[in-house]
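# Overview (structure and organization)
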Amino acid sequence: MYYEIEIISIVVLSLLGLIVGSFSNVCIYRIPRNESIIYPASHCPKCCSNILPKDNIPILSYILLKGRCRNCKSKISIQYPVVEFLSGFIYLIVYLIYGLSIQTLIYIILSSALIIIAFIDLNEQIIPDVISLPGIVIGFILSFFVPYISFVNSALGVVVGGGIILIIGLGGSMIYKKEAMGGGDVKLAAMIGAFLGWRYIIISLFLGFFLGALIGIILIVTKIKKREDVIPFGPFIILGSFITLLWGKQIISWYLRF
Ligand SMILES: [Zn+2]
């Protein structure tokens, strides 16, 4: 009986992740353009023809259509199936770690918000306030009702997360005489801090800086990016926070061994 529930949960959570991933693609495209995320129905950005329900199946439709619009044959960005896969994958892992719990529910909603922010930042170099600001408030309010984070920890997470980025950003702009980190990053770090607390946001940011520096160097060495190119930092904060959200316990106990 237990295994059946486990298998059903795995299937349901993964499918839910894929479907929410498909909707996240709509948000990634429309939020920076200030378009409604509900109306009109999904359509091809090139020829504007409506996307049929049978062509809107996460990942599968992209493969069946060979990455092209059914109507005008223009290329569909690989970002669509990537976002769907990432979303399904993270939902599955969150479930496998946190089980059927309120923590899983909140973490999958947070994950979707973070996936949307990461791809908007990659595409447009902005972090939309319409997600991060309500996110700070929602994360803090939830902390009063959930067993795994106290409201003190949540509040500290907001201050520590936002504060670290603010200080580094101010320091960076004094040294380099240009904006190193934007206000969007401050609000993003504060939002993640509200959900994960002060310890996890510190680990998230540390991982984010480390991965950002590493990947930045790789991109410059391989000449994919130039030194003066802007590499958005938001996606790295988010990558760091995904690692922490999933394996923070292990990271802390590993660190405490030293
Ligand atoms: Zn088309």
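Residues numbered from 1 in each chain as written. Predicted model: local features only at pLDDT ≥ 70, side-chain atom pairs only at ≥ 80, totals over all residues. Heavy atoms only, no water.

### Looking at the overall build of the protein chain
Note the cut-off: Each helix is a run of H or I in the DSSP string that is no shorter than four residues. Each strand is a run of E no shorter than two, and both are numbered from the N terminus. Each radius of gyration reported is based on C-alpha atoms, and the globular scaling rule is 2.2 Å times the count of residues to the power 0.38. Throughout this description, buried means an accessible area under 20% of the type-specific maximum (1.4 Å probe, protein chains only), exposed means over 50%, and partly exposed covers the range between. Residues are treated as being in contact if the distance between any of their heavy atoms lies within 4.5 Å. Surface accessibility follows the Shrake-Rupley procedure with a 1.4 Å probe radius. Residue values consider only the protein chains on display as shielding. Charge counting follows a simple rule: Lys and Arg are positive, Asp and Glu are negative, and His as well as the terminal groups are ignored. A charged residue contributes its charge at one atom only: NZ of Lys, CZ of Arg, CG of Asp or CD of Glu.
Helices and strands together make up the secondary structure of the protein chain, namely eight helices and zero strands. Expected size for 258 residues packed as a compact globule is a radius of gyration near 18 Å; at 19 Å, the protein chain falls within 12% of this value. Overall, the C-alpha framework of the protein chain stretches about 55 × 55 × 35 Å when taken along its three principal axes. Looking at the protein chain as a whole, 42% of its 258 residues are labelled buried. Contacts in the protein chain between residues at least 24 apart in sequence constitute 70% of all its contacts with a sequence separation of at least 6. Entry remark: accessible area of the protein chain is about 15,000 Å², with carbon and sulfur atoms responsible for 72%. With 19 positive and 12 negative side-chain charges, the protein chain shows a separation of 7 Å between the mean positions of the two kinds.

### Considering the coordination of the zinc ion
Short version of the rule: Only nitrogen, oxygen and sulfur atoms qualify as donors, and only when within 2.8 Å of the metal (3.2 Å in the case of Na, K and Ca); with water excluded, sites may look incomplete. Every angle between 85 and 135 degrees makes a four-donor site tetrahedral, while opposite donors more than 155 degrees apart, with all other angles between 65 and 115, make a four-donor site square planar and a six-donor site octahedral; other sites are irregular.
Looking at the metal site, the zinc ion is ligated by Cys 44 (SG), Cys 47 (SG), Cys 69 (SG) and Cys 72 (SG), spaced 2.3 Å from it. Of note is the zinc ion, whose four donor atoms meet at the metal with angles of 105 to 115° in an arrangement that counts as tetrahedral. Sequence spacing of the donors to the zinc ion: C-x2-C-x21-C-x2-C. Placement of Cys 47 in the loop between α1 (2-30) and α2 (60-64) and of Cys 69 in the loop between α2 and α3 (79-98) is noted, with a sequence separation of 22 residues between them. What makes Cys 69 buried here is its relative accessible area of 8%.

### As for a nonpolar patch on the surface
Counted only if it meets this: Put simply, a patch holds well-exposed residues, over 30% relative accessible area, that have no salt bridge, with like charges counted together within 9 Å and Val, Leu, Ile, Met, Phe, Trp or Tyr side chains within 5 Å. For salt bridges, the criterion is a side-chain nitrogen of Lys or Arg within 4 Å of an Asp or Glu carboxyl oxygen.
On the surface, a nonpolar cluster with roughly 850 Å² of combined accessible area is contributed by Val 137, Ile 141, Phe 144, Phe 145, Phe 151, Val 152, Leu 156, Trp 198 and Ile 202. Elements represented by at least two residues in the nonpolar patch include exactly α5 (129-142), α6 (151-176) and α7 (183-221). Per element, the largest residue contribution to the nonpolar patch is three residues, and it comes from α6.

### A closer look at α5
Helical geometry note: an α-helix holds 3.6 residues per turn, so side chains three or four residues apart project in the same direction. Applied cut-off: One less than the residue count of a helix, multiplied by 1.5 Å, gives the span that helix is expected to have. By definition, a residue's bend is the angle between the axes fitted to the seven residues ending there and the seven starting there.
Counted at 1.5 Å a residue, the expected span for α5 with its 14 residues is 20 Å, and the 19 Å between its end C-alpha atoms agrees. At Gly 135, α5 is bent by approximately 25°, the largest bend along its length. Burial in α5 covers these residues: Ile 131, Ser 132, Gly 135, Ile 136 and Gly 139. Along its buried surface, α5 packs onto α4 (102-124), α6 and α7.

### Topic: unusual backbone geometry
The step from Tyr 39 to Pro 40 runs through a cis peptide bond, and the omega angle for that step is -5°. Position of Pro 40 relative to the elements: it lies in the loop between α1 and α2. Not every positive phi belongs to a glycine, and Cys 48 is a case in point at roughly 65°. Mapped onto the elements of the fold, Cys 48 is located in the loop between α1 and α2.

### Quick look at the environment of Lys 73
Looking at where Lys 73 falls in the secondary structure, it is placed in the loop between α2 and α3. We classify Lys 73 as exposed; its relative accessible area is 52%. C-alpha separation for the pair Lys 73 and Lys 46, spaced 27 residues apart in sequence, amounts to 9.5 Å.

### So, the environment of Asp 55
To be explicit about the condition: Counting of polar contacts relies on pairs of N or O atoms within 3.5 Å, with two restrictions inside protein: one atom must be capable of donating a hydrogen and the other of accepting it, and residues adjacent in sequence are counted only when both atoms are side-chain atoms.
Position of Asp 55 relative to the elements: it lies in the loop between α1 and α2. Linking Asp 55 and Ile 252, residues 197 residues apart in sequence, is a C-alpha distance of 44 Å. Sequence-distant contacts of Asp 55, defined by excluding residues within four places in its chain, comprise Ser 61, Leu 65 and Arg 70. For Asp 55, the side chain forms a polar contact with the side chain of Arg 70, separated by 2.6 Å.

### Considering the packing of α5 against α7
Selection criterion: Only the stretch in contact is used when fitting a helix axis, every axis being a line fitted to C-alpha atoms; angles between N-to-C directions are given from 0 to 180 degrees. Any angle that falls under 35 degrees is termed roughly parallel, while one over 145 is termed roughly antiparallel, one within 65 to 115 roughly perpendicular, and all others oblique. Handedness of a crossing is defined here by the sense of rotation of the near helix relative to the far one, left-handed for an anticlockwise turn of less than a right angle and right-handed for a clockwise turn. In this classification, Asp, Glu, Lys and Arg are treated as charged, Ala, Val, Leu, Ile, Met, Phe, Trp, Tyr, Cys and Pro as nonpolar, and every other residue, Gly included, as polar.
Running from amino to carboxyl end, α5 crosses α7 at an angle of 25°, the nearest separation of the two axes being 8 Å. Considering their axes alone, α5 and α7 lie roughly parallel with respect to each other. Crossing handedness for the pair α5 and α7: left-handed. Residues Asp 129, Ile 131, Ser 132, Leu 133, Gly 135, Ile 136, Ile 138, Gly 139, Phe 140 and Leu 142 of α5 touch α7, and the partners they reach there are Lys 187, Leu 188, Ala 190, Met 191, Ala 194 and Phe 195. Here the contact of α5 with α7 is built from residues that sort into eleven nonpolar, three polar and two charged.

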